[in-house]
Amino acid sequence: MTPTVVLPVIIGGLYAAGVYLLLDRSLTRVLLGFLLLGNATNLLVLSSGGPAGGPPIIGVTEPGEMSDPLTQALVLTAIVITFGIAAFLLAMIYRSWRLVRQEVVGVDEEDRRVARREGIHADELDPDDLAPEDRSAAHADSLHSSSLEGDRAAEHALAERYAGIPSDDVDLPPTRGAAR
Amino acid sequence: MISVLTPLPVLLPLLGAAGALLVGRHPWTQRTLSILVLSAVLTVSVLLLLLADAGGAAAISVGGWPVPLGIVLVVDRLSALMLVVATTVGLGVLVFAVGQGSADGDEETPLSIFHPTFLVLMAGVANAFLAGDLFNLYVGFEILLTASYVLLTLGGSAPRIRAGITYIVVSLMSSLIFLAAIGLVYAATGTVNMAQLAGRLAELPAGIQVLLQSMLLIAFAIKAAIFPLSAWLPDSYPTAPAPVTAVFAGLLTKVGVYAIIRTQTLLFPTGALDDVLMWAALATMLIGILGAIAQTDIRRILSFTLVSHIGYMVFGIALATAAGLAGAIFYVVHHIAIQTTLFLVAGLVERQGGSTAIDRLGGLAKASPLLAVLFFVPAMNLAGIPPFSGFIGKLGLLQAGVQGGGWLPLTLVAAGAVTSLLTLLAVSRVWTRAFWRPPTQSPVLDTDQAAADEAGPDLVPEPVGAPASGDGATGGDGRLPNGATAADDAGSRAAARRAAWARHTAVATASTPPADQMGDPRVEPPLRPLPSVMVASTAAMVAVTVALTALAGPLYEIADRAAEDLRGRGPYLEAVFGDVGETP
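Since the model is a prediction, treat every value here as computed from it, not as a measurement.

Student: Quick rundown of the overall build of chain A? Include the residues and the values.
Tutor: Tallying secondary structure elements over chain A gives six helices and zero strands in all. Seen in sequence order, chain A has helices and strands lined up from the N terminus as α-α-α-α-α-α. Buried positions account for 29% of the 180 residues belonging to chain A. Residue pairs in contact within chain A that sit at least 24 positions apart in sequence constitute 51% of those at least 6 positions apart. Carbon together with sulfur atoms contributes 61% to the accessible area of chain A, which is approximately 11,300 Å² in total.

As structure tokens, this is what we get:
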């Protein structure tokens, strides 16, 4: 058996080019990369059957000189699968182009939104910014809350600050007697 | 008997898919057919489990080719158990989908391809569980993946296409790695039959063994979503229709876990990469659950907990003891059921509240107490609160880890406990926000009377009837009458807050008209009634998860015996090489 260097070089080259294309944002290149990788893998499986020989099974070759039929059967299956998936991927790319006029790998918006959120530590909240009923019982203001002026000023500030902010993190609506 | 039954879990759904495609114009015939087929598969699977548990593993060679040449299907305790659980959740999800389809019409799936594709998916899952050689396992994976591509992009809307492309490209990569690994395995050993490989792989040099093992593990780890190969999952799952996400979350990752169990126990029992798996399990658990805590959408939270809890199973596998494997198997069974159920509940939440973003939901416990119960029970089960099966599974794994000894297993035991606590935090965030906090879609907030009622005595010091709150409520701009009394101020401040609140939530709840369009403030928002079939199927799935708790004893015994089989390898090899004569 004479080892051949051609197949490994071709397989390696296809893998390299395929991975390079697969890393692109453009979906057409991704598809091309996938096709190259698929063919590289098919060649790899085919070459794992050993050196080429005569046609197997039909009986024109001595058993010792036959090619391995099993790898050929495996590769046939793999080719069919790759072909079908490539067609599906092509349809997806076309659909993506029709829908959003671009054929690039999209961004997960929700993921970005979560990543942009700022953390608020409870200890960093300024009690003076909170509504009086949200303050802790030990807060100094709540001890002498009979000073209506202070309360009212705080409430003015609060209402102005938060009126336009639609966030449940600001405060909650009253829970008592939810009119049911 | 067992040789007749074994091919049926693959064959029946494939034939059923063909039939369902033929009767595509008659929705009810199609639905009935799909449900009947899956019920039949469930019956067969239960029989297989009983037979395999009583009589041990069995193998049949398809087409009558002698064993190392032909395709072999093998049933042992593990694969039969996985079949039973998979078909059970498949059936539950199918009924849920039928309920959703009959409630919504089929506008999202105009070609009525859901049912045939779903059956193909189940055939692929069954084929992967029964496969006795690596290439048949690959074909099983491809069948279920191709079906999943179609299901994930059902309807072809922009978000689904975007998510689908990520999912497909990642899955393709894992398939190619798997195929290349099969080629290399064949080149090294000259066979792809798993039982034969069990003997031949051991004769290879250690370096080649590790190479082949790591390639197979990488391919399966992508499918099972093990960190660092898990990033695709939370990105692609949440956009699919609820039943699709449910079955994906329950089944597809577990097929990867099953393949890892087979590889680690049957093909590479030396445990060369156990430490790597331990680290992967540690990272999967912690990073997954931290991701879940950061999210604000129920489906994304559940997706991240899914990733996180895969870590428990990998931990059990990496321990490579009978106790660890038994714990992992039990946990797989528990997690398939629980994760599917939770995603189904998320689908119901979306129907009821119009969204799955927990910032926008509220008051669901009051609006629909049944839904609250349906969420609460599996959520506590997922977090591992004592009476439930989640607790039993985690306890088994942690005990196995402590038995294993060594600092790495003990670290993982600690991480497992922390992950469990953080899971509780994640699901209780959903509970307190979406279910417990006051309803966000309250149109009654619009009037003085209601505002005063709403506020209650401790917010408005003066009795009911404070005159000024209407302005604030309608304008919502924080305008305050300067000369007002303290009571007025309190009222208008509260009203301004409520107005902002009402505006915010009016957009959020799709099913509820905005507050200012409601004529009579006392009219309840027209909640869409939940279709009874969907509720019933979800309730049945919740019942299944509770039944897992009740049946935990016998189930854990089966898992123990399955783990013994896996550790010993004898039953599997005997089944393949001994029962060759039996052909269907």
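There's more to say after this.
Student: I'd like a description of the overall build of chain B, backed by residues and values.
Tutor: When its secondary structure is counted, chain B shows 24 helices and two strands. In chain B, which comprises 584 residues, the proportion classed as buried is 64%.

Student: Kindly report on the environment of Val430(B), identifying the contributing residues and their values.
Tutor: All names here are of chain B. In this fold, valine 430 is placed in helix 18 (residues 407-436). Overall, valine 430 belongs to the buried group, its relative accessible area being 2%. Sequence-distant contacts of valine 430, that is, excluding residues within four places in its chain, are made with Ile298, Ile301, Ile358, Phe375 and Phe435.

Student: So, the nonpolar core: which residues are in play, and what are the values?
Tutor: Counting residues in hydrophobic clusters, the biggest one holds 214 residues, and the most contacted among them are Leu134(B), Tyr167(B), Phe178(B), Phe248(B) and Phe435(B). The element that contributes the greatest number of residues to this core is helix 14 (residues 322-353) of chain B, accounting for 18 residues.

Student: Summarise unusual backbone geometry; cite the residues concerned and give the values.
Tutor: Residue and element names in this part refer to chain B. Between phenylalanine 227 and proline 228 the backbone carries a cis peptide bond, its omega angle lying at 5°. As for its placement among the helices and strands, proline 228 is situated in the loop between helix 9 (206-224) and helix 10 (232-236). Backbone geometry places alanine 225, a non-glycine residue, at a positive phi of 60°. With respect to the secondary-structure elements, alanine 225 resides in the loop between helix 9 and helix 10. One non-glycine residue, alanine 320, adopts positive backbone phi at about 55°. Mapped onto the elements of the fold, alanine 320 is located in the loop between helix 13 (298-319) and helix 14. By relative accessible area, alanine 320 is classed as partly exposed at 24%.

Student: Explain the pattern of salt bridges residue by residue, including any values.
Tutor: Across all of its chains, the model carries seven salt bridges over all chains by this definition. Here Arg29(A) ties to Asp24(A) by a salt bridge, and the two come within 3.4 Å at their closest N and O atoms. Of the residues examined, Arg29(A) reaches a relative accessible area of 40% and is grouped as partly exposed. By sharing partners, the salt bridges in this structure join Asp53(B), Arg77(B), Arg561(B) and Asp565(B) into a single network.

Student: Just give me the short version of a nonpolar patch on the surface, but keep the residues and values in it.
Tutor: There is a patch of nonpolar side chains on the surface, built from Met1(B), Val46(B), Leu47(B), Leu50(B) and Leu51(B) and spanning about 440 Å² of accessible area. By the secondary structure assignment, Leu51(B) is in helix 3 (residues 27-55).

Student: An account of the pairing of strand 2 (residues 71-75) of chain B is requested, with residue identities and associated values reported.
Tutor: Residue and element names in this part refer to chain B. Burial runs high along strand 2: four of the five residues are buried. Sheet analysis places strand 1 (residues 58-62) next to strand 2, joined by five bridges and oriented antiparallel. In the sheet register, isoleucine 60 faces strand 2, and the bridge partner there is leucine 73.

Student: Could you give an account of the environment of Ser214(B), with specific residues and numbers?
Tutor: All names here are of chain B. Within the secondary structure, serine 214 is located in helix 9. Sequence spacing of serine 214 and leucine 273 is 59 residues, and the spatial spacing of their C-alpha atoms is 7.8 Å. At 2.9 Å, the side chain of serine 214 and the backbone oxygen of leucine 211 are in polar contact.

Student: So what's going on with the packing of helix 11 (residues 242-267) of chain B against helix 13 of chain B? Which residues, and what values?
Tutor: Residue and element names in this part refer to chain B. Relative orientation of the contacting elements helix 11 and helix 13 amounts to 15°, with a least axis distance of 11 Å. Here helix 11 is positioned roughly parallel relative to helix 13, judged by the angle of their axes. Crossing geometry of helix 11 relative to helix 13 is assigned as right-handed. Here Ala242, Thr245, Ala249, Thr253, Lys254, Val257, Ile260, Ile261 and Gln264 of helix 11 lie close against helix 13, whose contacting residues are Arg299, Leu306, Ile310, Met313 and Ile317.

About the criteria used
Going along each chain's sequence as written, the residues are numbered from 1 onward. The lettering of chains begins at A and the numbering of ligands begins at 1, in the order of writing. Where totals are concerned, whole chains, interfaces and linings use all residues; where local detail is concerned, this predicted model gives features only for residues with pLDDT of at least 70, and gives and counts side-chain atom pairs only at 80 or more. The basis for the side-chain values is all heavy atoms of the structure; hydrogens and waters are excluded. Strands here are runs of E lasting at least two residues and helices are runs of H or I lasting at least four, both read from the DSSP assignment and numbered beginning at the N terminus. Partly exposed residues are those whose accessible area sits between 20% and 50% of the maximum for their type, while under 20% is buried and over 50% is exposed, using a 1.4 Å probe and protein chains only. Between two residues, a contact is recorded if the distance between any of their heavy atoms is within 4.5 Å. Exposure was quantified through the Shrake-Rupley algorithm and a 1.4 Å probe, taking into account, for residues, occlusion by the shown protein chains and nothing else. Residues enter a nonpolar core if they are buried and are Ala, Val, Leu, Ile, Met, Phe, Trp, Tyr or Cys, with the set joined through side-chain atoms within 4.5 Å. By convention in these notes, a salt bridge is any Lys or Arg side-chain nitrogen within 4 Å of a carboxyl oxygen on Asp or Glu. Each patch is built from residues that are more than 30% exposed by relative accessible area and take part in no salt bridge. Like charges join if they lie within 9 Å; nonpolar side chains (Val, Leu, Ile, Met, Phe, Trp, Tyr) join within 5 Å. Should DSSP find at least two bridges between two strands, the strands are regarded as paired. Nitrogen and oxygen atoms within 3.5 Å of one another constitute a polar contact, given that in protein one can donate a hydrogen and the other can accept it, and given that sequence-neighbouring residues count only through two side-chain atoms. Only the stretch in contact is used when a helix axis is fitted, and all axes are lines through C-alpha atoms; the angle between N-to-C directions ranges over 0 to 180 degrees. Here the angle decides the label: under 35 degrees means roughly parallel, over 145 means roughly antiparallel, 65 to 115 means roughly perpendicular, and every other value means oblique. Crossings are assigned a handedness: left-handed for a near helix turned anticlockwise from the far helix by less than a right angle, right-handed for a clockwise turn.

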